Amino acid sequence: MTTVRTVLGDVPPERLGVCDAHDHLFFGSALLPGQELRSVPAARAELAAFRAEGGGAVVQWTPYGLGRRAADLPSLSRESGVHFVAATGLHQDAHYDEATRAGLRGRPAEVFVAELTEGIGTSGVRAGFVKVAGGFHGLDAYARRTMTAAAEAHHATGAPIAVHLELGTGALDVLDLLCGALGVPPHRVVLGHLNRSPDGVVHRQAAATGCYLAFDGPSRAHHATDWRMPEAVHALVEAGFGDRLLLGGDTTTAGARSVDGGPGMPYLLRRVAPRLAVAVGEQVVRRMLTENPGRAFGVRWK
């Protein structure tokens, strides 16, 4: 049976409801000093605001070593009524200090599998997917190592692999490596941040492999996000790829939370979804928020 591995256990995909397929309740990186998502009360308030807009599930793309606060996720899920899917995996090398790198050296696949099947640390919370990251228009040696470990974890468990594409670039290189050289089925791969590089040809080439494309996060400086996303999504729907598309908010800093004056998680349902509905219709947007995430993160776990 296909199930989504949430922090409260495995559930049928249809139980997710309306799903933010890429966001962060907790996140901390040396690249974003002073902007860490660490506050449990702020996360609780943000979830209440998301739930009030009709949200039912959040896929948290915070991987190993970046402040996941896995032990806090079950109680937050119960209190809010929102399902959470937690991540294992690794972000780009620049996000980690040497001590963290040294602790994983030579055994990332082993750690990924353990977090997917046994739990994250002593929390008992199991991850539901592996998150990795590419570089700007390419893959360095570190990215290739982490993606190789992610592929090993997939083959051992069946877990999906979600990929941070730096400014939306490098999608085809990632697919060549994961699905070509490493044998991961394309429908087990989610490519993130396609909105940040609105190249319709690359989008269609990637979607044609069978992978999922995530349009995740409102506009930031120099990102062609909000104003180009509707036409990019429309083109993919018209090309027959409406069942491969996901939506997410990607809240990565404290100032971006709605409870601190930013767009936050509710913005996805309050503004992004209605705007997309003008371009592709409410039925397609509903599918992007419900059916597609359930299939993308639903697994026949090994």
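In this text the structure is predicted, and so the values were computed from the model without any measurement.

Regarding the overall build of the chain
Logical step 1: Scanning the chain for helices and strands turns up 11 helices and 11 strands.
Logical step 2: Its C-alpha radius of gyration of 17 Å places the chain within 12% of the 19 Å reference for a compact globule of 302 residues.
Logical step 3: Based on the C-alpha atoms only, the size of the chain along its principal axes is roughly 50 × 45 × 40 Å.
Logical step 4: Residue pairs at least 24 apart in sequence account for 75% of intrachain contacts in the chain once pairs closer than 6 positions are excluded.
Logical step 5: Of the roughly 11,700 Å² that the chain leaves accessible, carbon and sulfur atoms contribute 52%.
Logical step 6: Side chains of the chain give 30 positive and 30 negative charges; the mean places of these two sets differ by 3 Å.

Some words on helix H7 (residues 200-208)
Logical step 1: Looking only at H7, the buried set comprises His-203, Ala-206 and Ala-207. Summarising the axial view, the buried residues of H7 lie within an arc of 95 degrees, below the 170-degree limit, and thus occupy one face.
Logical step 2: Of the surrounding secondary structure, the elements contacted by the buried residues of H7 are helix H6 (171-181), strand S9 (189-192), strand S10 (212-216) and helix H8 (229-238).
Logical step 3: You can read the cap of H7 off the contacts: a side-chain oxygen lies 3.1 Å from the backbone nitrogen of Val-201, and it is on Asp-199.

What about the packing of aromatic side chains?
The description of an aromatic ring pair uses the distance of the two centres, along with the angle that the planes make with each other.
Logical step 1: Evaluated as defined, the whole model comprises 2 aromatic pairs.
Logical step 2: Here Phe-129 and Phe-297 contribute two aromatic rings whose centre-to-centre distance is 5.4 Å and whose plane-to-plane angle is 70 degrees, an arrangement assigned as edge-to-face. Taken together, the positions of Phe-129 in strand S7 (residues 129-133) and Phe-297 in helix H11 (residues 291-297) put the pair 168 residues apart, joining distant regions of the chain.
Logical step 3: An aromatic cluster is defined as three or more aromatic residues linked by ring pairs; in this entry it consists of Trp-61, Phe-129 and Phe-297.
Logical step 4: Directly above the ring of Trp-301 sits Arg-5, whose terminal nitrogen or CZ lies 4.0 Å from the centroid.
Logical step 5: The side chain of Arg-228 reaches across the aromatic face of Trp-227, ending 5.3 Å from its centre.

Structural notes on the sheet that holds strand S8 (residues 161-164)
Logical step 1: Here 6 strands make up an open sheet; going across it, the order is S6-S7-S8-S9-S10-S11 and the pairing parallel. Of all the strands in the sheet, just strand S6 (87-89) and strand S11 (245-248) have a single pairing partner and so form its edges. Across the sheet, the axes of successive neighbouring strands diverge by a mean angle of 30 degrees, strand direction being ignored.
Logical step 2: In the sheet, S8 pairs with S9 via 4 bridges, with the strands oriented parallel. Paired with His-164 across the strands is Gly-192, a residue of S9.

Things to note about the side chain of Thr-62
Logical step 1: Residue placement: Thr-62 occurs in the loop between strand S4 (57-60) and helix H2 (73-80).
Logical step 2: Here Thr-62 falls in the buried class, since its relative accessible area comes to 0%.
Logical step 3: A polar side-chain atom of Thr-62 sits 2.6 Å from the main-chain carbonyl oxygen of Phe-26.

Observations concerning the pattern of salt bridges
Logical step 1: Under the defined criterion, the tally for this structure stands at 10 salt bridges.
Logical step 2: In this structure, Arg-5 and Asp-10 form a salt bridge, with 2.9 Å as the shortest nitrogen-oxygen distance.
Logical step 3: Judged by its relative accessible area of 6%, Arg-5 is buried.
Logical step 4: Note that Arg-44 is salt-bridged to Glu-79, the shortest N-O span being 2.7 Å. Placement of Arg-44 in helix H1 (residues 40-52) and of Glu-79 in helix H2 is noted, with a sequence separation of 35 residues between them.
Logical step 5: Looking at Arg-44, the relative accessible area reads 38%, which means it is partly exposed.
Logical step 6: Judged by relative accessible area, which is 51%, Glu-79 ranks as exposed.

Definitions and cut-offs
- Residues numbered from 1 in each chain as written.
- Predicted model: local features only at pLDDT ≥ 70, side-chain atom pairs only at ≥ 80, totals over all residues.
- Heavy atoms only, no water.
- Helix = DSSP H or I, 4+ residues; strand = E, 2+ residues; numbered from the N terminus.
- Rg over C-alpha atoms; globule rule 2.2 N^0.38 Å.
- Contact = heavy atoms within 4.5 Å.
- Areas by Shrake-Rupley, 256 points an atom, 1.4 Å probe, with all protein chains shown as cover.
- Lys, Arg positive; Asp, Glu negative; His and termini not counted.
- Charge placed at Lys NZ, Arg CZ, Asp CG, Glu CD.
- Buried < 20%, exposed > 50% of the residue type's maximum accessible area, 1.4 Å probe, protein only.
- Arc of directions from axis to C-beta.
- Polar contact = N/O pair within 3.5 Å; in protein donor to acceptor, adjacent residues only side chain to side chain.
- Phe/Tyr/Trp six-rings, centres within 6.5 Å; stacked < 30°, edge-to-face > 60°.
- Lys NZ or Arg CZ within 6 Å of the ring centre and 35° of its normal.
- Pairing = 2+ DSSP bridges.
- Axes fitted to C-alpha atoms, helices over the stretch in contact; angles between N-to-C directions.
- Salt bridge = Lys/Arg side-chain N within 4 Å of Asp/Glu carboxyl O.

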